[in-house]
Amino acid sequence: MPAHLDPRLLRSFLAVAEELHFTRAAARLYVAQQALSRDVRRLERELGTELFVRTTRQVTLTPDGERLVPHARRVLQAQDDLLAAFRQARPLLVDLNSPGLETGRRVLYRARELAPEQELMARYESGLTGAAVEIVAGRLDASFGRFAGLDAALRAQLEHQLVRYEPMAVLLPEGHRLAASAEVPLGALAGERVYAGAGNWRTPEWTDLARLLFEGFGVEIAPAAPLVVGVEEFQRIMAKDAVPILVVVGFPAMPGTVLRPLVDPVPLSAVSLVWRKGLVHPALDALRRAAVELGFAESWLERPVKGWIPAIDMNMTSSDK
């Protein structure tokens, strides 16, 4: 028997036990059906027994499954009581990287709608590596970004949930030779220097993604620019250097520039919600539900036919909870 059972596994089990239908149970928990099935299989492995009999027509409880139901209800009720006792303990501090970035901001706003009694406060740490350091230190609770690009020592202290495969784009000066194009094939950037955060200690995960993307296309990562603080200073420095900038399609507008999606292939940034391992907070639950809800509604986890994503990112997202 395991020394510890994740309450999430019991909650997944109980939803299926009460619905006797995996699709309905997944919708009830705001999770993907595949993730729910993984949770149930993991619980069965940890308990060393089958809990459900599954056929193409129906789902039924085994005798061990029926025996587990009252125990699961008592454990989850105790957890709910504990969380209720600390429900107003403190706000959840959520890093959105930079003002105006779409994915994290929309998840945060939806989470506030789902849990209006909670306080979710936005912070801006520029990149996931910078935010992860703050999360591990206890000065932040959650952030968004490319989990696979973090140092292994940081990843070991964090958990994550894949939120979106976000298409990438290039921000071009208005007078750039490619500015008139509706979209920019990656090969058309051959010979260009493209800014991707080189030298910024807060964003090495983004610079690494650019390096993997540009390999074989003759695109060079622009050298480090002065480390700036604030949107206005970033815009000023970028306008002064007049180099293309690697961004996502939801990047906020900058004066004197045009944003163009990248194609052939369509590069994707695997955006995860990231939080400190072991963190329990009802507002975090709301963030996770919001991410799943938006992902279903807007097909955030569907990849285009010609989509590109690094193998290391695929390996990490394939086992998401």
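Residues numbered from 1 in each chain as written. Predicted model: local features only at pLDDT ≥ 70, side-chain atom pairs only at ≥ 80, totals over all residues. Heavy atoms only, no water.

**Q** So what exactly am I meant to see when it comes to the pairing of strand E3 (residues 92–95) here?
**A** Consecutive residues of a regular strand have side chains that alternate between opposite faces of the sheet. Alternating positions in E3 separate into two faces, Leu-92 and Val-94 on one and Leu-93 and Asp-95 on the other, with burial throughout. Bridging between E3 and strand E4 (residues 120–123) involves four bridges; their strand directions are parallel. In the strand pairing of E4, Val-94 is matched with Ala-122. (Buried < 20%, exposed > 50% of the residue type's maximum accessible area, 1.4 Å probe, protein only. Helix = DSSP H or I, 4+ residues; strand = E, 2+ residues; numbered from the N terminus. Pairing = 2+ DSSP bridges.)

**Q** Can you help me understand the pattern of salt bridges in this one?
**A** Working definition: two side chains of opposite charge can pair if their charged atoms are close together. Taken as a whole, this structure holds 22 salt bridges when the rule is applied. Asp-6 serves as the salt-bridge partner of Arg-8, at 2.9 Å between the closest nitrogen and oxygen. Between Glu-113 and Arg-110 there is a salt bridge, with its nearest N and O atoms 2.8 Å apart. Taken together, the residues span about one helical turn, with Glu-113 and Arg-110 both in helix H5 (residues 102–114) at a distance of three residues. A relative accessible area of 23% means that Arg-110 is categorised as partly exposed. (Salt bridge = Lys/Arg side-chain N within 4 Å of Asp/Glu carboxyl O.)

**Q** So what exactly am I meant to see when it comes to the packing of aromatic side chains here?
**A** Geometry of an aromatic ring pair is reported as the spacing of the ring centres plus the angle between the planes. One pass over the full model with this rule turns up two aromatic pairs. Plain terms: the ring middles of Phe-13 and Phe-52 are 5.5 Å apart, the flat faces sit at 45° to each other, and that makes the pair tilted. Within this pair, whereas Phe-13 is found in helix H1 (residues 7–19), its partner Phe-52 is found in strand E1 (residues 52–54), the two being separated by 39 residues in sequence. The two residues Phe-13 and Phe-52 agree in class, both being buried. Between Phe-22 and Phe-52, the ring centres sit 6.1 Å apart and the planes meet at 70°, which makes this aromatic pair edge-to-face. Of this pair, Phe-22 sits in helix H2 (residues 22–29) while Phe-52 sits in strand E1; the two residues are 30 residues apart in sequence, bridging distant segments of the chain. A relative accessible area of 10% means that Phe-22 is categorised as buried. Within the aromatic cluster, the residues linked to one another by ring pairs are Phe-13, Phe-22 and Phe-52. (Phe/Tyr/Trp six-rings, centres within 6.5 Å; stacked < 30°, edge-to-face > 60°.)

**Q** Please explain the pairing of strand E6 (residues 158–173) as it appears in this structure.
**A** Of all 16 residues in E6, 15 are buried; the element is thus mostly enclosed. Bridging between E6 and strand E12 (residues 266–276) involves nine bridges; their strand directions are antiparallel. Along E12, the bridge assignment pairs Pro-167 with Leu-268. Here E6 runs beside strand E10 (residues 245–248); their pairing, made up of four bridges, is antiparallel. In the strand pairing of E10, Leu-171 is matched with Ile-245. Pairing analysis gives five bridges linking E6 to strand E11 (residues 257–263), with the strands arranged antiparallel. Its bridge partner lying in E11, Ala-169 is registered against Pro-261.

**Q** Would you mind showing me how to read the environment of Ala-72 here?
**A** Counting through the fold element by element, Ala-72 comes out in helix H4 (residues 63–85). On the basis of relative accessible area, Ala-72 is assigned to the buried category, the value being 0%. Along the sequence, Ala-72 and Phe-13 sit 59 residues apart, while their C-alpha atoms lie 8.3 Å from each other. If near-sequence neighbours (up to four positions away) are discounted, Ala-72 is found in contact with Leu-10, Phe-13 and Leu-14. (Contact = heavy atoms within 4.5 Å.)

**Q** Help me understand the packing of H1 against helix H3 (residues 33–47), please; the structure alone is not making it clear to me.
**A** Working note: a packed helix pair is described by the angle between its axes plus the distance between those axes. Here H1 crosses H3 at 110°, and the two axes come no closer than 9 Å. As far as their axial angle goes, H3 and H1 are roughly perpendicular. Seen from H1, the contacting residues are Arg-8, Leu-9, Leu-10, Ser-12, Phe-13 and Val-16; seen from H3, they are Leu-36, Asp-39, Val-40, Arg-42, Leu-43 and Glu-46. Across the contact of H1 with H3, the residue classes tally to seven nonpolar, one polar and four charged. (Axes fitted to C-alpha atoms, helices over the stretch in contact; angles between N-to-C directions. Parallel < 35°, antiparallel > 145°, perpendicular 65-115°, else oblique. Nonpolar A, V, L, I, M, F, W, Y, C, P; charged D, E, K, R; others polar.)

**Q** Which parts of the structure should I look at to understand unusual backbone geometry?
**A** The bulk of non-glycine residues show a negative phi, and the bulk of peptide bonds are trans. Along the chain, Asp-264 connects to Pro-265 via a cis peptide bond; the corresponding omega equals 5°. Phi at Asn-97 is positive, roughly 70°, even though this residue is not glycine. With respect to the element layout, Asn-97 can be found in the loop between E3 and H5. Judged by its relative accessible area of 13%, Asn-97 falls in the buried class. Phi is positive for Asp-264, close to 55°, though the residue is something other than glycine.

**Q** Would you explain helix H8 (residues 204–214) in this entry?
**A** Helical geometry note: an α-helix holds 3.6 residues per turn, so side chains three or four residues apart project in the same direction. Considered for burial, the residues of H8 that qualify are Glu-205, Trp-206, Thr-207, Leu-209, Ala-210, Leu-213 and Phe-214. Count one or two residues on from H8 and you reach Gly-216, which has phi positive near 85°.

**Q** I tried to follow the nonpolar core on my own but got confused; where do I start?
**A** In a soluble, globular protein the nonpolar side chains are often hidden away together inside. Counting 30 residues, the largest nonpolar core has Met-168, Val-184, Leu-189, Trp-206, Phe-214, Leu-246 and Leu-262 as the members making the most contacts within it. Contributions of two or more residues to this core are made by E6, H8, E10 and E11. Contact partners of Met-168, with chain neighbours within four places excluded, come to Trp-206, Leu-209, Leu-213, Leu-246, Val-247, Val-248, Val-249, Pro-261, Leu-262, Pro-267, Leu-268 and Ser-269. Core analysis: the next-biggest nonpolar cluster, separate from the first, contains 23 residues, Val-163, Ala-290, Leu-294 and Trp-300 among them. (Core = buried A, V, L, I, M, F, W, Y, C linked by side-chain atoms within 4.5 Å.)

In short, geometric facts, not functional conclusions.
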